[in-house]
Amino acid sequence: MVFEYILKQHGLDPASDLSINQNIDFGSTAAAFSEGEADYTVEFEPGATSLESEGKGYVVASLGKDSGYVPYTAYSAKQSFIEEHPDVIQSFTNALQKGMDFVQTHTPGEIAEVIEPQFPETDLDTITTIVTRYYEQNTWKADLIFQEESFELLQDILEEAGELKKRAPYEDIVTTEFAEKAVK
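No experiment lies behind these values; they were computed from the predicted model shown.

## A closer look at empty space enclosed by the protein
- All chains considered together, the criterion is met by one cavity of 30 Å³ or more.
- Along the walls of the largest cavity sit Met-1, Glu-4, Tyr-5, Lys-8, Ile-157, Glu-160 and Ala-161, which together make up its complete lining.
- Residue assignment for the lining of the largest cavity shows that the elements contributing at least two residues are helix 1 (2-9) and helix 9 (148-160).
- No other element matches the three residues that helix 1 contributes to the lining of the largest cavity.
- Here the residues of the lining of the largest cavity sort into four nonpolar, no polar and three charged.

Structure (structure tokens):
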């Protein structure tokens, strides 16, 4: 959806200006690209960097950079849980913000070393390359505050893809108080 949204923002119609093959299992797209099934592929990491390191492709653009801050990860809780356990929500948010602070104050190499155990199938050099790319693209926000602009962008993308029938009011479903406290 993000890819098609970006194409449309650049005046391309995904339905008529190009052919997008969505029949390939997501885990097989890099292999299909490598075998000549397409001129371009959309890959998450470490797939994109693996294609580069194997000499089978090049990263030519970043959907994350070109789309703006789309909230790929968001945490949800029932209002009743938030009201009954604000300390749990705040502690969780504080821990996440601590991670964000670490990313903002350390080099890509230091970040890669810390996260390496989470990616046992990927070597440290590849992780460092990926983190460096994300770092240089300013992929990670400095805080966890879910801005209304990002929420509206997400809804724009979902709406254009035909997946959103009715927009939700930001103030009715987004709570930023915990993220605001965590950043202080």
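Don't stop here, the text continues.
## Some details on the packing of helix 1 against helix 9
- Interaxial distance between helix 1 and helix 9 falls to 9 Å at its minimum, and their mutual angle equals 90°. Taken together, the axis directions place helix 1 and helix 9 in an arrangement best described as roughly perpendicular. For the pair formed by helix 1 and helix 9, the contact residues are Val-2, Tyr-5, Lys-8 and Gln-9 on the first element and Leu-153, Asp-156, Ile-157 and Glu-160 on the second.

## Some remarks on the side chain of Thr-49
- Relative to the helices and strands, Thr-49 resides in helix 3 (residues 47-53).
- In terms of polar contacts, Thr-49 uses its side chain to reach the side chain of Glu-45, at 2.8 Å.

## Section: helix 1
- Buried residues of helix 1: Val-2, Tyr-5, Ile-6 and Leu-7, and no others.
- Contact partners of the buried residues in helix 1: helix 4 (63-67) and helix 9.
- Count one or two residues on from helix 1 and you reach Gly-11, which has phi positive near 80°.

Conventions used here
Residues numbered from 1 in each chain as written. Predicted model: local features only at pLDDT ≥ 70, side-chain atom pairs only at ≥ 80, totals over all residues. Heavy atoms only, no water. 1 Å grid on protein atoms, 1.4 Å probe; cavity = no way out; pocket = protein on both sides within 12 Å on 5 of 7 lines; lining within 4 Å. Points joined across faces, edges and corners; volume = space filled by probe spheres on them. Helix = DSSP H or I, 4+ residues; strand = E, 2+ residues; numbered from the N terminus. Nonpolar A, V, L, I, M, F, W, Y, C, P; charged D, E, K, R; others polar. Axes fitted to C-alpha atoms, helices over the stretch in contact; angles between N-to-C directions. Parallel < 35°, antiparallel > 145°, perpendicular 65-115°, else oblique. Contact = heavy atoms within 4.5 Å. Polar contact = N/O pair within 3.5 Å; in protein donor to acceptor, adjacent residues only side chain to side chain. Buried < 20%, exposed > 50% of the residue type's maximum accessible area, 1.4 Å probe, protein only.

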